[in-house]
Amino acid sequence: MLNIADTLYDWCREARPFALATVVQVSGSAPLPPGTALAVDTGGTAVGSVSGGCVEGAVYELCQQVLADRGTPARARFGYSDDDAFAVGLTCGGEIEVLVQHVDPADQPHLTTALEAVTQGRSIALAQIIDGSEALLGRTLSLHGDGSAYDGTLGSPGEDRAVALQARALLRAGRTARIEVGGDADTCPERLSVLVHTHAPRPRMLIFGAVDFAGALSEAGRFLGYRVTVCDARPVFATPARFPHADEVVVDWPHRYLERTEVDSRTAVCVLTHDAKFDIPLLRLALGLPVGYIGAMGSRRTHDHRLDALREAGVPDDRLARLNSPIGLDLGAHTPEETAISITAEIIAHTNDRTGLPLSRGTGPIHDPAAAALSPVVRGAA
């Protein structure tokens, strides 16, 4: 639905009810991905698309029917029929499933806030129940851009926490995806399918130091969905040819580049230079910024010297505690590729507030909703 966020936000501000048709499942060569939506307001105005034109008329009629029924959701599947080429269907040969629901902005006030965030370019995740009991279909929950809290409810606190945990991971990656939750008598009694719509730029990984380890780390970072920047003050080493997996290669002093670039709570800063003239001004700046992860390469002896130099530069101990150094988990890594896995594993564990220990040494659920540390900020009806 975020493809038509501007119009939906206007309708919500005007308290204008509408029917929302969302592509919830795609198979084969369908023209548009899950999450794409078409909406029709009470005056018959339509916005958006679910198929690029093939089945819009049929979906429009379904929307009008749902508006007339004032709340009963409808579901339809469209494909191509070789027996009747003139039947309503997808000429591309694929198949889509569409959920049509009635939306009254007064019932879901958090929806207006979520759509406003999209129009302003802020990160947001919007979870929408697409399969479950009829009473729950279409309910939504929105997760704030920093992943710290959510608005709305999907039916129970257990379901909300379980969805918010997975939605936070999708938001970090900037991915829209269908997830399954529930079926647990203790926390989420009802089995639900939820479509998580996300609006977020890819998180950034800033790699400082155009060394061999940076090449492997840039490839691993891109694989994980990061927008990777490699920065080094030495033009002979900082070249796109040496770092083909980086989204950009910057020739500049590291601290000077960090001063002028955009970062947020999802940004990972990886300092691989292990050269004091670069490290100290860079880390002094980075440790004061609201980034998600800061790691620096070097031996334990280098780390001790680095801490002394940072203290002399006026960095307080509470900021120094944010520094992950020596960078990476203890995997026994030696090659650049192994080291990249060690570093990215630590970033994943740090981001999810996990220990990084082998799962075989732990107890309890592997995926623990309580570990998300998410707090509801509005418990309104959805």
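Presented here is a report on the structure given in the accompanying data block. Model, not experiment: these values are computed from the prediction. (Residues numbered from 1 in each chain as written. Predicted model: local features only at pLDDT ≥ 70, side-chain atom pairs only at ≥ 80, totals over all residues. Heavy atoms only, no water.)

## Structural notes on the sheet that holds strand β11 (residues 204–208)
Neighbouring strands of a sheet are bound in pairs by backbone hydrogen bonds; such pairs are parallel or else antiparallel. With respect to topology, 6 strands assemble into an open sheet ordered β13-β12-β11-β14-β15-β16, the strand pairing being parallel. Two strands lie at the open edges of the sheet, namely β13 (248–251) and β16 (323–324), each paired on one side alone. As judged from the 2 bridges shared by strand β15 (residues 293–296) and β16, these two strands associate in the parallel manner. The residue of β16 that forms the bridge with G295 is N324. Lying on the sheet, helix α7 (residues 276–286) is in contact with β11, β14 (268–271), β15 and β16; it crosses β14 at an angle near 165 degrees. (Pairing = 2+ DSSP bridges. Helix = DSSP H or I, 4+ residues; strand = E, 2+ residues; numbered from the N terminus. Contact = heavy atoms within 4.5 Å. Axes fitted to C-alpha atoms, helices over the stretch in contact; angles between N-to-C directions.)

## Remarks on the environment of L283
As for its placement among the helices and strands, L283 is situated in helix α7. In this structure the C-alpha to C-alpha distance between L283 and V269, which are 14 residues apart in sequence, comes to 9.3 Å. Setting aside its immediate chain neighbours within four residues, L283 contacts V271, I294, A296, R306, L310 and L323.

## Some points on unusual backbone geometry
Of note, the amide linkage connecting S325 to P326 takes the cis form, showing an omega dihedral of -5 degrees. Note on placement: P326 falls in the loop between β16 and α10 (336–351). The phi dihedral of D353 is positive, around 55 degrees, even though this residue is not glycine. Mapped onto the elements, D353 comes out in the loop between α10 and β17 (375–378). On the basis of relative accessible area, D353 is assigned to the exposed category, the value being 61%. (Buried < 20%, exposed > 50% of the residue type's maximum accessible area, 1.4 Å probe, protein only.)

## A look at the side chain of T112
Residue position: T112 is located in helix α3 (residues 109–119). By relative accessible area, which is 18% here, T112 ends up buried. In this structure T112 touches Y9, C12 and R13, once residues within four positions along its chain are discounted.

## As for the packing of helix α1 (residues 5–13) against α3
Axis separation between α1 and α3 bottoms out at 9 Å; the angle between their running directions is 140 degrees. Comparing the axis directions of α1 and α3 gives the class oblique. Handedness of the α1/α3 crossing: left-handed. Taken together, the residues of α3 that come into contact with α1 (itself represented by A5, D6, L8, Y9, C12 and R13) are L111, T112, L115, E116, V118 and T119. Tallied by class, the residues present in the contact of α1 with α3 amount to 7 nonpolar, 2 polar and 3 charged. (Parallel < 35°, antiparallel > 145°, perpendicular 65-115°, else oblique. Left-handed = near helix turned anticlockwise from the far one by under 90°. Nonpolar A, V, L, I, M, F, W, Y, C, P; charged D, E, K, R; others polar.)

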